[in-house]
Amino acid sequence: THYMFNKLQFNPGYAGAQDKICVAGIFHTQWTGLEDNTANYQSDGIERSIETGVGPKTMGFAIDAPIWNPKGKFSLGAGFSVVQDDLGYESALKFRGALAGKYDLGNTSTIALGVEVGMLQKEIDGTKLLFLDPNDPNIPSTVENDANMNLAAGLYYTNHLLNDLYIGLSATNINEQKFEYGSGAISNMSKRHYYLVSGMKLPNFMGNPSLELQPSLLVKMNSTVQATLSGIVEYNNLYAGGIAYRSEIDAVSILLGYRLQEDLRIGYSYDVTLNQLGRYSGGTHEFQVNYCFEIPTAPAEPPHIELTPRFLNKDPNID
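What you see is a predicted model, and the numbers here were worked out from it, not measured in a lab. (Residues numbered from 1 in each chain as written. Predicted model: local features only at pLDDT ≥ 70, side-chain atom pairs only at ≥ 80, totals over all residues. Heavy atoms only, no water.)

Trainee: Explanation requested: the pairing of strand 12 (residues 193–199) in the structure shown.
Mentor: Walk down a regular strand and you will see the side chains alternate between the two sheet faces. Across 7 bridges, strand 9 (residues 165–172) lies against strand 12 in antiparallel orientation. Paired with tyrosine 166 across the strands is glycine 199, a residue of strand 12. Across 6 bridges, the pairing between strand 12 and strand 14 (residues 211–221) is antiparallel. The residue bridging tyrosine 194 from the neighbouring strand is methionine 221, located in strand 14. (Pairing = 2+ DSSP bridges. Helix = DSSP H or I, 4+ residues; strand = E, 2+ residues; numbered from the N terminus.)

Trainee: What exactly am I supposed to notice about the side chain of glutamine 214 here?
Mentor: You can see glutamine 214 is positioned in strand 14. In this structure glutamine 214 comes out as buried when scored by relative accessible area, which is 12%. Among the polar contacts made by the side chain of glutamine 214, one reaches the side chain of glutamate 212 at a distance of 2.9 Å. Residue contacts for glutamine 214: discarding those within four places in its chain leaves Met200, Lys201, Ser230, Gly231, Ile232 and Glu234. (Buried < 20%, exposed > 50% of the residue type's maximum accessible area, 1.4 Å probe, protein only. Polar contact = N/O pair within 3.5 Å; in protein donor to acceptor, adjacent residues only side chain to side chain. Contact = heavy atoms within 4.5 Å.)

Trainee: Please clarify how the pairing of strand 4 (residues 57–68) should be interpreted in this entry.
Mentor: In terms of strand pairing, strand 1 (residues 21–29) meets strand 4 through 8 bridges, oriented antiparallel. Within the sheet, the bridge partner assigned to valine 23 lies in strand 4 and is isoleucine 63. Taking the residues that link successive antiparallel strands as the turn, the strand 4-strand 5 (residues 74–87) hairpin has 5 residues.

Trainee: Explain the nonpolar core here, please?
Mentor: Across soluble globular proteins, you tend to see nonpolar side chains buried next to one another. Ranked by size, the top nonpolar core spans 19 residues in total, and within it Tyr3, Met4, Leu8, Leu218 and Ile232 carry the most contacts. Among the secondary structure elements, those contributing two or more residues to this core are strand 6 (90–106), strand 12 and strand 16 (239–246). When near neighbours in sequence (up to four residues on either side) are disregarded, leucine 8 contacts Tyr14, Ala15, Ala62, Ile63, Asp64, Gly79, Phe80, Ala98 and Glu116. (Core = buried A, V, L, I, M, F, W, Y, C linked by side-chain atoms within 4.5 Å.)

Trainee: Please explain the state of the cysteines as it appears in this structure.
Mentor: Put plainly, two cysteines are in a disulfide when a covalent bond ties their sulfur atoms together. Within this structure, the stated rule accounts for 1 disulfide. One disulfide bridge connects cysteine 22 with cysteine 292, the sulfur atoms lying 2.1 Å from each other. Because the sign of the S-S torsion sets the handedness, a value of about 115 degrees for the bond joining cysteine 22 and cysteine 292 places this disulfide among the right-handed ones. Here cysteine 22, found in strand 1, pairs with cysteine 292, found in strand 19 (residues 284–293); they are 270 residues apart in sequence, far enough to count as distant. What makes cysteine 22 buried here is its relative accessible area of 5%. (Disulfide = S-S within 2.5 Å.)

Trainee: Explain unusual backbone geometry here, please?
Mentor: Note: most peptide bonds trans; most residues except glycine with negative phi. A positive phi angle is found at asparagine 173, which is not glycine, with a value near 55 degrees. Inspection of the secondary structure assignment puts asparagine 173 in the loop between strand 9 and strand 10 (177–181). A positive phi angle, near 55 degrees, is found at asparagine 236, a position not held by glycine. With respect to the helices, strands and loops of the structure, asparagine 236 is situated in the loop between strand 15 (225–235) and strand 16. Looking at asparagine 236, the relative accessible area reads 45%, which means it is partly exposed.

Trainee: How do you make sense of the packing of aromatic side chains when you look at a structure like this?
Mentor: Two numbers describe a pair of aromatic rings. These are the distance of the centres and the angle of the planes. Taken as a whole, this structure holds 7 aromatic pairs when the rule is applied. Seen from their ring centres, tyrosine 14 and tyrosine 156 are 5.3 Å apart, and the 85 degrees between their planes marks the pair as edge-to-face. Pair noted here: tyrosine 14 is in the segment before strand 1 and tyrosine 156 is in strand 8 (residues 143–159), with a separation of 142 residues, a long-range link. Pair check on accessibility: tyrosine 14 and tyrosine 156 agree, each one buried. Pairing tyrosine 239 with tyrosine 258 gives two aromatic rings, centres 5.4 Å apart and planes at 35 degrees, and the pair type is tilted. Taken together, the residues span a long stretch of sequence, with tyrosine 239 in strand 16 and tyrosine 258 in strand 17 (residues 251–261) at a distance of 19 residues. In this structure tyrosine 239 comes out as partly exposed when scored by relative accessible area, which is 45%. Owing to a relative accessible area of 32%, tyrosine 258 belongs among the partly exposed residues under this scheme. Aromatic ring contacts, followed pair by pair, group Tyr14, Tyr156 and Tyr166 into a single cluster. The ring of tyrosine 166 carries the charged tip of lysine 7 above its face, separated from the ring centre by 4.4 Å. (Phe/Tyr/Trp six-rings, centres within 6.5 Å; stacked < 30°, edge-to-face > 60°. Lys NZ or Arg CZ within 6 Å of the ring centre and 35° of its normal.)

Trainee: Whenever I open this one, a nonpolar patch on the surface confuses me. Can you help?
Mentor: A cluster of nonpolar side chains, contributed by Ile67, Trp68, Phe74, Leu99, Tyr103, Leu105, Ile111, Leu113, Val115, Leu155 and Leu169, occupies part of the molecular surface with about 1,000 Å² of accessible area. Position of tryptophan 68 relative to the elements: it lies in strand 4. (Patch = residues over 30% accessible without salt bridge, like charges linked within 9 Å, V, L, I, M, F, W, Y side chains within 5 Å. Areas by Shrake-Rupley, 256 points an atom, 1.4 Å probe, with all protein chains shown as cover. Salt bridge = Lys/Arg side-chain N within 4 Å of Asp/Glu carboxyl O.)

Okay, structure coming up:
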């Protein structure tokens, strides 16, 4: 839900975009309280308790910064991110490193091209699947995992004169990977994903100089297309509130935010599930934190003047 504050997770071209060292953290728990009632199945005569908390959970961390910024039009940024996804009895862990080259187009607009290399590990807990058929040799009886290299690339454009407009296009899982568990009878594919992310800042919202509207859009595409349209209103660059709608009649979200200081922001959102899963869960919670700080630089040394006997007619104002 806080995609507008986690752009590096979608687009490696964002690395170094803020010209600061920036850290972003996210925790997302979806469809809280969802239960797996199939755990009552007793094909082997053994009674089992109901598994709870099987809804998706995501924890993520990202850091990025400019790493080479001469006085010319070209500069480099780098980033690192890690994400842990849990989906039922399957989990995924992804480590990624990003490198982006940014080019100054003039008039305070820039465009960046980023590439990303990482590792994606998927794991399945076979011990929680045995109740389906304890004698099936294709169901692993232990925790099994597999890992593959993962590639991504993206373009990221900004225009500070045009209300801080940003537009990002990216593709993740470019090299579609197959993950096999145990004997290889159970496997899945990590499909290629495409993302469009865009937004801007509109000051003086509703004629009030204390209000700023921040509309944004995220479009996700693989075998299907889903869009999230969001609008956040910030008051005095301090308090924030907004709403978002996720297409395919998925969810409506309420977003809240607060700036503890200029470059330290915390956020919370609650998603009201609109589909059938809303009858069996307590909604979705998400917590977000962002912190940026300037890259420390050594202070410039004052000029040092040495006087020698060769310069007898020195300036009397020089000590």
